[in-house]
Amino acid sequence: MNPDSKIYVAGHQGLAGSAITRRLMAEGCFNIIHRTHAELDLIDQKAVKAFFEAEKPKYVYLAAGKVGGILANNTYPAEFIYQNLMMEGNVIHAAFENQVRKLLFLGSSCIYPKHAPQPMKEEHLLTGTLEPTNEPYAIAKITGIKMCSSYNRQYGTNFLCVLPTNLYGPGDNYGLQNSHVLPALIRKIHEAKTQGANEVVVWGTGSPKREFLYSDDLADACVFLMGRFNAADIGEFINIGVGKEITIREVAELIADVVGFRGSLVFDTSKPDGTPRKLLDVSRLRALGWQAKTGFREGIANAYADFLQNIPRIAQ
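What counts and how
- Residues numbered from 1 in each chain as written.
- Predicted model: local features only at pLDDT ≥ 70, side-chain atom pairs only at ≥ 80, totals over all residues.
- Heavy atoms only, no water.
- Buried < 20%, exposed > 50% of the residue type's maximum accessible area, 1.4 Å probe, protein only.
- Helix = DSSP H or I, 4+ residues; strand = E, 2+ residues; numbered from the N terminus.
- Pairing = 2+ DSSP bridges.
- Phe/Tyr/Trp six-rings, centres within 6.5 Å; stacked < 30°, edge-to-face > 60°.
- Axes fitted to C-alpha atoms, helices over the stretch in contact; angles between N-to-C directions.
- Parallel < 35°, antiparallel > 145°, perpendicular 65-115°, else oblique.
- Left-handed = near helix turned anticlockwise from the far one by under 90°.
- Contact = heavy atoms within 4.5 Å.
- Nonpolar A, V, L, I, M, F, W, Y, C, P; charged D, E, K, R; others polar.
- Salt bridge = Lys/Arg side-chain N within 4 Å of Asp/Glu carboxyl O.

Asker: Give a description of the pairing of strand β4 (residues 102–106) that names residues and reports values.
Answerer: Counting buried positions along β4 yields five of five residues, so the element is predominantly enclosed. Side chains K102, L104 and L106 of β4 all project onto a buried face; the interleaved residues L103 and F105 project onto the opposite face, where all are buried too. The sheet contact formed by strand β3 (residues 59–62) and β4 spans four bridges and is parallel. The partner of Y59 across the bridge, within β4, is K102. Bridge count for β4 against strand β5 (residues 159–164) is four bridges, and the pairing is parallel. When the sheet's bridge partners are listed, L104 is paired in β5 with L160.

Structure below.
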């Protein structure tokens, strides 16, 4: 990938997209195109078509999407399936029409069956029923993967798909109504500390296990794959993770320790746990020569430092 080539990062203000942009710039790639949602609504097919025809990017990282935790997915299932289907469909088709050399689509580990064997291998996709709490989002992401593979097969495009595990890091969404579990816990535990509260309520039993990937590690993997491999080299999609899992209880305890909260953690067992386990098998990616570098405690400390720097924006 020529550093001077025009690169479009869709979703550059999000957790994954901002990390990908930082990584590309560290590689000397400065011909990067960005558009905010106000400048380009990816749900608008005509607008996306006009953008690609005018800009003619050679490489595309499709990191845009509507994301959220269990509460957001349960509350807005229609928005999660519609908006994600439209965004990925419009961008992927426009990339094909405008001869984009290579595109990388970011899926999600939630596309695997709820009771998939652990760790989850790429071949486990569509072998069982999905987790009900995020089924609309998962179906949209599965569709994006199948769309890329279909265009590759029919038109000879070079569209890669990656499946990152749960992400966290700088630029995360800390909203209590629509964020993922880790950033939500950072905010709740920080606010409990500053308000002098004696306890923090955590949804569920605390027993589900999750795998967490620092966003800059994801970006490093994405740039690594785009720069060295083609779609035919990695198959329909490839997992990106750390290959280790931790319980939600342990996550909350680690965040409390990093934040300096000395109160109690209370687990509300009336709230849903979601999928019991979601550990990715990353052996294929490791065989290609990549593995994550950021330790979990180090990543939590970096994420909390980012949260502290952005409290004025988060509070709005």
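Asker: Describe in detail the packing of aromatic side chains, supporting the description with residues and values.
Answerer: What the rule picks out here adds up to 15 aromatic pairs. On the numbers, 5.5 Å between centres and 90° between planes, the contact of F51 with F52 is edge-to-face. Residues F51 and F52 agree in their burial class; the two are buried. Ring centres of F212 and F296 lie 5.6 Å apart, and the angle between their planes is 15°; this geometry places the pair in the stacked category. Placement of F212 in strand β9 (residues 212–214) and of F296 in helix α11 (residues 296–309) is noted, with a sequence separation of 84 residues between them. Using a relative accessible area of 6% as the deciding quantity, one classes F212 as buried.

Asker: Pulling in residues and values, what's your account of the packing of helix α9 (residues 248–259) against α11?
Answerer: Two numbers describe how α9 lies on α11: the axes approach to 10 Å, and their chain directions differ by 55°. Considering their axes alone, α9 and α11 lie oblique with respect to each other. For the element pair α9 and α11, the recorded crossing hand is right-handed. The residues of α11 that touch α9, namely those facing V251, L254, I255, D257, V258 and V259, are F296, R297, I300, A301 and Y304. Grouping the constituent residues of the contact of α9 with α11 by class yields nine nonpolar, no polar and two charged.

Asker: Summarise the pattern of salt bridges; cite the residues concerned and give the values.
Answerer: Using the criterion set out here, one finds 15 salt bridges in the structure. Across the salt bridge formed by D216 and R22, the nearest N and O atoms sit 2.5 Å from each other. Of this pair, D216 sits in helix α7 (residues 215–228) while R22 is found in helix α1 (residues 15–26), placing the two residues 194 residues apart along the sequence. What makes R22 partly exposed here is its relative accessible area of 36%. Across the pair E131 and K114 runs a salt bridge, and its minimum N-O distance is 3.4 Å. Of this pair, E131 sits in the loop between β4 and α5 (135–155) while K114 sits in the loop between β4 and α5, and the two are 17 residues apart along the sequence. Residues joined by salt bridges that share partners form a network here, namely R23, E27, D220 and K293.

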